[in-house]
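If you want the building blocks of each chain, they are given just below.
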Amino acid sequence: MKKPTKRDFKRPTHIDDYPVGPQYEAGFLAEINAGWRTYKPVIDHDKCIHCLICYMVCPDGTIMKNDGKIAVDYDYCKGCGVCANECPKNAITMVKEDL
Amino acid sequence: MMLEMKKNKIFISGDEAVAHGVRLSRPHVIAAYPITPQTITVERLSEMVEKGEMVTEYMHVESEHSALSASMGASSVGARTFTATSSQGLLYMAEALHYASGGRYPIVMMNANRSLALPWSIYGDQRDSLSLLDSGWIQVYVEDAQEALDMIIQAYKIAEHADVLTPMMVNLDGFILTHTYELVEIPEQEKVDEFLPPFETPNKMCFETPKNLAFSSQPDDNTEFKYQQNKAMLDSIDVIEKTDQEFGEKFGRFYHGMVEEIMCDDADAVLVTLGSITGTVRVVAEQLRAKGHKVGILKIRYMRPFPEKEIMELGKKVKSVGVIDKDISFGYEGTVFTNVNSALSKANVSVFKQNFIGGLGGRDITKAEIEKMYMELLAGENTDNQKTVEFFNLKVETND
């Protein structure tokens, strides 16, 4: 469950700082991206059986394990709800964000 | 005792010469779709693969758009890639052409120059590739089958150079070159391998250092990527000249880089040519020289990058310049002329200029017509009332 983390991005100041053509190291996250979420998934750890189906179905790769517990990276979760829908134990609830 | 090593010469068409050039360059992937008059090239290649004469992934695709798209996929992760097309097929690839040059994928493609519909025509002119001059590809035009074979090998070396990384289109005139048989020397594989090292890309598909390929860019960065592309194209001039020099030293055939100047040094009138017409113009120019007329030829080999420096220098030493265009940008001029004229204007010289539009849709340009062009150029030295763009050899009267 190695996932990329946000790294500081320094804008190029010289043309040679640009890659040759539009190709670059994969997984370079220059900013967080979760601004349009209206519902967020909240995990009930008492119900969770660590089956990792949520990890498999998350389209943005935001599910991970933290200290042995399943967690969501809210910096990148868009709130699509696929994890909550697919969870076999209904351990994930979509909770409205305070907007 | 043999005085000279017997050269490996065979009697083949331009299309077949290209196929041999490709075989010797050892591409990993060939993605091809047939179109007249290019078809023989990809047919020969498929036979070579079938017979085990070359080890290549030969992809049968469903269109030219797919042929170039598949080539891009392969090239982006480091495969040496070949495709071939012509005319309508080239235009069907138009979107992918820009994609490939923007992606900096050093694909080599043969284009058999053929007219564009409508009226439907399978015969030759150069309106197909010239209309795509702005697609970011290096464009070279060859004069005969030997040059076609040799330029395929050179093309990989130029396109894959770290300073260039730009796709390259090798253009040969439909039928006049693709279907005409000539004695062509086939270089030895060993020597080609020495000349052309394997292609190395920093973007090789790899689990250790995965890459994000062909991403989008915001207005903040797009101009910089386009600057890079333009710089690479300009830098390719040096690579083109060095590659040609190295090729000549190894194989004994020099093509003079960006242009070939023929009898230009003391010339009054010079005809600028592109592609196979050069051969006919050589004959006429020599005949006129024998009669005492000071005529010369500037054979343009590369349309992109453009031989601006050479044309500016030409403008300083001659009195009149004629450009033969197998092309017309409707409502203005032939595209070769527009480019030549731009370079001449920067040289700040006053020369008589004339644009001869001919050879459209496969019509022959004859020796008699070329002589007439030269005579116009020689006579026109001091007149400025003539129409610059002249449709040559119209067979009917017009209302002009």
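Residues numbered from 1 in each chain as written. Chains lettered and ligands numbered in written order. Predicted model: local features only at pLDDT ≥ 70, side-chain atom pairs only at ≥ 80, totals over all residues.

Asker: Would you mind showing me how to read the overall build of chain A here?
Answerer: A count of helical and extended segments in chain A gives 2 helices and 5 strands. Along chain A, from the amino end to the carboxyl end, the secondary structure elements read β-β-α-β-β-α-β. Over its C-alpha trace chain A gives a radius of gyration of 17 Å, far above what one expects of a compact globule, namely 13 Å for 99 residues. Each principal axis of the C-alpha distribution contributes one length, and for chain A these read about 55 × 30 × 20 Å. For chain A, the proportion of its 99 residues judged to be buried stands at 15%. Once local pairs closer than 6 in sequence are excluded, the contacts in chain A between residues at least 24 apart make up 70%. (Helix = DSSP H or I, 4+ residues; strand = E, 2+ residues; numbered from the N terminus. Rg over C-alpha atoms; globule rule 2.2 N^0.38 Å. Buried ≥ 20, exposed ≤ 12 C-beta atoms within 10 Å, placed from the backbone. Contact = placed C-beta atoms within 7 Å.)

Asker: Can you help me understand the nonpolar core in this one?
Answerer: For soluble globular proteins, the rule of thumb is that nonpolar side chains tend to be buried together. In terms of nonpolar packing, the biggest core is built from 105 residues, with B:V108, B:A148, B:I152, B:M168, B:V170, B:V270 and B:V272 touching the most fellow members. Among the elements that make up this core, the one with the highest residue count is helix α7 (residues 145–159) of chain B (10 residues). When residues of this core are sorted by domain, at least three fall in each of domain 1 (9–251) and domain 2 (259–391) of chain B. Among all residues touching B:V270, those that are not within four sequence positions of it are B:C264, B:G296, B:I297, B:L298, B:L314, B:V318 and B:V321. If you look at the next biggest cluster of nonpolar residues, it comprises 11 residues, including A:I63, A:V72, A:C77 and A:I92. (Core = buried A, V, L, I, M, F, W, Y, C linked by C-beta atoms within 7 Å. Domains from an automatic or database assignment.)

Asker: How should helix α3 (residues 64–76) of chain B be read in this particular structure?
Answerer: Given 3.6 residues per helical turn, the α-helix brings residues three or four places apart onto the same face. Residue and element names in this part refer to chain B. If you check α3, its first and last C-alpha atoms are 18 Å apart, about what 13 residues at 1.5 Å a residue would give, namely 18 Å. Of all the positions in α3, only E64, A67, L68, A70, S71, M72, A74, S75 and S76 are classed as buried. Lining the buried residues of α3 we find β2 (29–32), β3 (57–60), β4 (81–86), α4 (87–92), α5 (94–103) and β9 (211–213). Where α3 ends, the next residue or the one after it, G78, has phi of about 105°, a positive value. (Expected span 1.5 Å × (residues − 1).)

Asker: Even after reading the chapter, I still don't get the interface of chain A and chain B, so can you show me in this structure?
Answerer: Interface size is commonly expressed as the accessible surface area that is lost when the partners come together. On the chain B side, the residues contacting the 9 residues of chain A number 16 residues. In terms of residue class, the side of chain A that touches chain B is made up of 6 nonpolar, 2 polar and 1 charged. One ladder, built from 3 bridges, connects strand β1 (residues 23–25) of chain A with β9(B); its direction is antiparallel. Looking at the pairing, A:E25 lines up with B:K211 of β9(B). (Nonpolar A, V, L, I, M, F, W, Y, C, P; charged D, E, K, R; others polar. Pairing = 2+ DSSP bridges.)

Asker: Would you take a moment to explain the confidence of the model for chain B for this structure?
Answerer: It should be kept in mind that the predicted coordinates are not to be read in detail where pLDDT is low. The predicted model of chain B has a mean per-residue pLDDT of 95, with 97% of residues at 70 or higher. Both scores are available for the predicted complex, with the pTM at 0.91 and the ipTM at 0.85. (pLDDT = per-residue confidence, 0-100.)

Asker: Which parts of the structure should I look at to understand the packing of helix α1 (residues 14–25) of chain B against α7(B)?
Answerer: Residues and elements named next belong to chain B. The contact between α1 and α7 brings their axes to 8 Å, and the two run at 30°. Considered as vectors, α1 and α7 are oriented roughly parallel to each other. As for how α1 packs across α7, the hand of that crossing is right-handed. Taken together, the residues of α7 that come into contact with α1 (itself represented by G14, A17, V18, H20, G21, V22, L24 and S25) are A145, Q146, A148, L149, D150, I152, I153 and Y156. Looking at side-chain class alone, the contact of α1 with α7 contains 10 nonpolar, 5 polar and 1 charged residues. (Axes fitted to C-alpha atoms, helices over the stretch in contact; angles between N-to-C directions. Parallel < 35°, antiparallel > 145°, perpendicular 65-115°, else oblique. Left-handed = near helix turned anticlockwise from the far one by under 90°.)

Asker: Looking at this structure, how should I read the domain arrangement of chain B?
Answerer: All names here are of chain B. Entries for chain B in the domain assignment read domain 1 (9–251) and domain 2 (259–391). Contacts between the two partners involve 28 residues from domain 1, matched on the other side by 18 residues from domain 2. Mapped by element, the contributors of at least two residues to the side of domain 1 that touches domain 2 are α6 (127–130), β6 (138–141), β7 (168–173) and α9 (219–251). Ranked by residue count, the leading element in the side of domain 1 that touches domain 2 is α9, at 5 residues. Residue classes in the side of domain 1 that touches domain 2 are distributed as 15 nonpolar, 8 polar and 5 charged.

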